[in-house]
Amino acid sequence: MAAAQEPENLVELSSRLIYSLFTAAGKTAARFKMPMSRLIELLQMAYYEELRRKNPRNLNKVAKELGQSLRTAGILSKRYKEEFFQPETDIKPLREITALLTSGAKSKKVILEKLKHQEADDVERALEFLLGNGWLKAEDDTYQINTQLRSYINDNWQRRIDGLNHQMEVIGNSVWNCFLEGNNETASARSWTFAAKPEDFIEMMNKSCQQIRHNAIDVEDAALNDGIDQRYAVTIAFTPVKDEKNEK
């Protein structure tokens, strides 16, 4: 556990960390030439979503933690239910159900209890979808995974958005563990910038992803065989780097 922070240092650290996490969103918004009002609106929705996830049936508490009126929280709730946010309301429950069932079969009652931060109707729809598409099988109201395939990312952009959400969640958890919890044993992040021929870089990228995937499967199989379901996450990113000084 990290040493206790002085209050003023903790306030400054929290602001610095959040600002650093905002920079990726700021760079992307600038490339889209997005108006600041729209960027602020999206930030409000992201903050609302996180607080509502922790308090799915208590809008009054959400409004208080937002520092906003109940009316404003209600407006955010209405926006959240719009089609724009389907990746969060439709796809995320699918991933959470399959992650939960990785450790073994579970009853619907247990699934609903474990995912109580989600709306029950969303979980029910996700279970029906997974059953209908052969991902799960059910017997006596007990569900289990019916396939080894665990990836929901394909050419459908909504599913890819959910994948991006998951990557950002992993990065956020890594930042919290490294900076606030002082956990440098099971939380880490590294970045390297280097020159490479495009064909060499592509080969390196493919080999790296394959190796990590194989390692993840191996350690998960070993854990499940020993009855351990402690979960970890890895996010890896590859990209060409542009000279931003000369970027128009």
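For the structure, check the block above.
Undergrad: Is there a simple way to explain the sheet that holds strand β2 (residues 136–139) in this structure?
TA: Backbone-to-backbone hydrogen bonds join strands into a sheet, with any given pair of strands oriented parallel or antiparallel. Taken together, three strands build an open sheet; the order of strands is β1-β3-β2 and the sheet is antiparallel. The sheet is open, and its two edges are formed by β1 (106–107) and β2, each paired on a single side.

Undergrad: Can you help me understand the pattern of salt bridges in this one?
TA: Two side chains carrying opposite charge are able to pair once their charged atoms lie near each other. Going through the model one piece at a time under the given rule, you end up with ten salt bridges. Glu50 is the salt-bridge partner of Lys54, the closest N and O atoms lying 3.6 Å from each other. Taken together, the residues Lys54 and Glu50, both in helix α2 (residues 36–54) and four residues apart, mark about one turn of the helix. The exposure class of Lys54 is exposed, given its relative accessible area of 54%. Of the residues examined, Glu50 reaches a relative accessible area of 31% and is grouped as partly exposed. Where Lys197 meets Asp200, a salt bridge forms, and the shortest distance between an N and an O atom there is 3.7 Å. A single network of salt bridges, built from pairs that share partners, joins Arg38, Glu41 and Arg79.

Undergrad: So what exactly am I meant to see when it comes to the packing of aromatic side chains here?
TA: The relative placement of two aromatic rings is captured by the distance of their centres and the angle of their planes. The final tally for this structure, using the stated rule, is two aromatic pairs. Geometrically, the ring pair formed by Phe201 and Phe238 is edge-to-face, given 6.0 Å between the ring centres and 75° between the ring planes. Separated by 37 residues along the polypeptide, Phe201 in helix α9 (residues 198–225) and Phe238 in the segment after α9 bring together distant segments of the chain. Ring pairs connect the aromatic residues Phe194, Phe201 and Phe238, which therefore count as one cluster.

Undergrad: Sorry, what's going on with the packing of α2 against helix α4 (residues 70–80) here?
TA: How two helices sit against one another is set out by the angle between their axes and by the gap between those axes. Between α2 and α4, whose axes approach to 10 Å, the crossing angle comes to 95°. Between α2 and α4, the angle is such that the two are roughly perpendicular. On α4, the residues touching Glu41, Gln44, Met45, Tyr48, Glu49 and Arg52 of α2 are Ala73, Leu76, Ser77, Arg79 and Tyr80. Of the residues assigned to the contact of α2 with α4, the class counts are five nonpolar, two polar and four charged.

Undergrad: Looking at this structure, how should I read a nonpolar patch on the surface?
TA: The grouping of Leu21, Ile161, Leu164, Met168 and Ile171 at the surface amounts to a nonpolar patch, some 390 Å² of accessible area in total. Broken down by element, the nonpolar patch gets its largest block of residues, four residues, from helix α8 (residues 157–180). Within the secondary structure, Leu164 sits in helix α8.

Undergrad: Quick question: what am I supposed to make of the environment of Tyr80 here?
TA: Secondary-structure assignment places Tyr80 in helix α4. It is 8.7 Å that separates the C-alpha atoms of Tyr80 and Tyr48, two residues lying 32 residues apart in sequence.

Undergrad: I'm lost on the nonpolar core in this one. Help?
TA: Side chains that are nonpolar tend, in soluble globular proteins, to be buried together. Core analysis: the largest hydrophobic core is formed by 14 residues, its most contacted members being Ile97, Ile111, Leu127 and Leu136. When contributions to this core are tallied by element, the ones reaching two or more residues are α5 (86–101) and α7 (120–132). If we ignore the near neighbours within four places in the chain, the residues touching Ile97 are Ile111, Leu115, Val123, Ala126, Leu127, Leu130 and Leu136. In terms of nonpolar packing, the next biggest core, distinct from the first, is built from seven residues, Met45, Leu51, Leu76 and Tyr80 among them.

Undergrad: What should I look at first to understand the environment of Ile171 in this one?
TA: Along the polypeptide, Ile171 turns up in helix α8. Judged by relative accessible area, which is 34%, Ile171 ranks as partly exposed. For the pair Ile171 and Ala187, spaced 16 residues apart in sequence, the C-alpha to C-alpha distance is 9.9 Å.

Undergrad: What is the right way to look at α7 in this model?
TA: Helical geometry note: an α-helix holds 3.6 residues per turn, so side chains three or four residues apart project in the same direction. Taking 1.5 Å as the rise per residue, α7 with 13 residues should run 18 Å; its terminal C-alpha atoms sit 18 Å apart, in good agreement. Listed in full, the buried residues belonging to α7 are Asp122, Val123, Ala126, Leu127 and Leu130. Projected onto a plane normal to the axis of α7, the buried residues spread over an arc of 135° and lie on a single side. Exposed side chains of α7 directed beyond 90 degrees from the buried face belong to Asp121, Glu128 and Gly132. Directly after α7, the chain includes Gly134, whose backbone phi takes a positive value near 80°.

About the thresholds
Residues numbered from 1 in each chain as written. Predicted model: local features only at pLDDT ≥ 70, side-chain atom pairs only at ≥ 80, totals over all residues. Heavy atoms only, no water. Pairing = 2+ DSSP bridges. Helix = DSSP H or I, 4+ residues; strand = E, 2+ residues; numbered from the N terminus. Salt bridge = Lys/Arg side-chain N within 4 Å of Asp/Glu carboxyl O. Buried < 20%, exposed > 50% of the residue type's maximum accessible area, 1.4 Å probe, protein only. Phe/Tyr/Trp six-rings, centres within 6.5 Å; stacked < 30°, edge-to-face > 60°. Axes fitted to C-alpha atoms, helices over the stretch in contact; angles between N-to-C directions. Parallel < 35°, antiparallel > 145°, perpendicular 65-115°, else oblique. Contact = heavy atoms within 4.5 Å. Nonpolar A, V, L, I, M, F, W, Y, C, P; charged D, E, K, R; others polar. Patch = residues over 30% accessible without salt bridge, like charges linked within 9 Å, V, L, I, M, F, W, Y side chains within 5 Å. Areas by Shrake-Rupley, 256 points an atom, 1.4 Å probe, with all protein chains shown as cover. Core = buried A, V, L, I, M, F, W, Y, C linked by side-chain atoms within 4.5 Å. Expected span 1.5 Å × (residues − 1). Arc of directions from axis to C-beta.

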